[in-house]
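Read off the chains here:
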Amino acid sequence: MTPHGTAQDRGLGDLEPGTAQRAQLRARITDIAWTAGCAVLALWAVWSVVGAVRGTTAWAYSAVAGVLLAVALTARAAGRRRPRR
């Protein structure tokens, strides 16, 4: 046996119930999900505008993408201002 033990002996370590890292896990996952969603909406908006300029898609797609991106960014900013539990 090694001096540090095996991974099975140590369990999850930092993510065990009651630790600070476990309490912050939900906030971190939510932040990652919002970031990914905003990135996808931003790419969709840019892709729609480029397509509209080239004449391959309708301007409505770029308008919808822009509105959804603005709503997502506003909701994300409002969520960051609220104190976390």
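Just so you know, these numbers come straight off a predicted model, no measurement behind them. (Residues numbered from 1 in each chain as written. Predicted model: local features only at pLDDT ≥ 70, side-chain atom pairs only at ≥ 80, totals over all residues. Heavy atoms only, no water.)

**Examining the overall build of the protein**
- From N to C terminus, the protein includes three helices and zero strands.
- Taken from N to C terminus, the helices and strands of the protein fall in the order α-α-α.
- Looking at the 85 residues of the protein, the share that counts as buried comes to 14%.
- Expressed as a percentage of contacts within the protein between residues at least 6 apart in sequence, the contacts between residues at least 24 apart total 41%.
- Accessible surface computed for the protein: about 7,000 Å², of which carbon and sulfur atoms make up 64%. (Helix = DSSP H or I, 4+ residues; strand = E, 2+ residues; numbered from the N terminus. Buried < 20%, exposed > 50% of the residue type's maximum accessible area, 1.4 Å probe, protein only. Contact = heavy atoms within 4.5 Å. Areas by Shrake-Rupley, 256 points an atom, 1.4 Å probe, with all protein chains shown as cover.)

**Observations concerning a nonpolar patch on the surface**
- Nonpolar side chains collect at one region of the surface, where Val-49, Val-53 and Trp-59 lie side by side and expose about 330 Å² of accessible area between them.
- Structurally, Val-49 can be placed in helix α2 (residues 20–54).
- With relative accessibility at 37%, the residue Val-49 sits in the partly exposed group. (Patch = residues over 30% accessible without salt bridge, like charges linked within 9 Å, V, L, I, M, F, W, Y side chains within 5 Å. Salt bridge = Lys/Arg side-chain N within 4 Å of Asp/Glu carboxyl O.)

**A look at α2**
- Look at α2: 51 Å from first C-alpha to last across 35 residues, which is about the 51 Å you get at 1.5 Å a residue.
- The largest bend along α2 reaches roughly 30° and is located at Arg-26.
- Looking at α2, one finds that the buried residues are Cys-38, Leu-41, Ala-45, Ser-48, Gly-51 and Ala-52.
- Following α2 by one or two positions, Gly-55 adopts a phi angle in the positive range, close to 90°. (Expected span 1.5 Å × (residues − 1). Bend = angle between axes of the 7 residues up to and from the residue.)

**Topic: the environment of Leu-43**
- Secondary-structure assignment places Leu-43 in helix α2.
- Placed 22 residues apart in sequence, Leu-43 and Ala-65 show a C-alpha to C-alpha distance of 9.0 Å.

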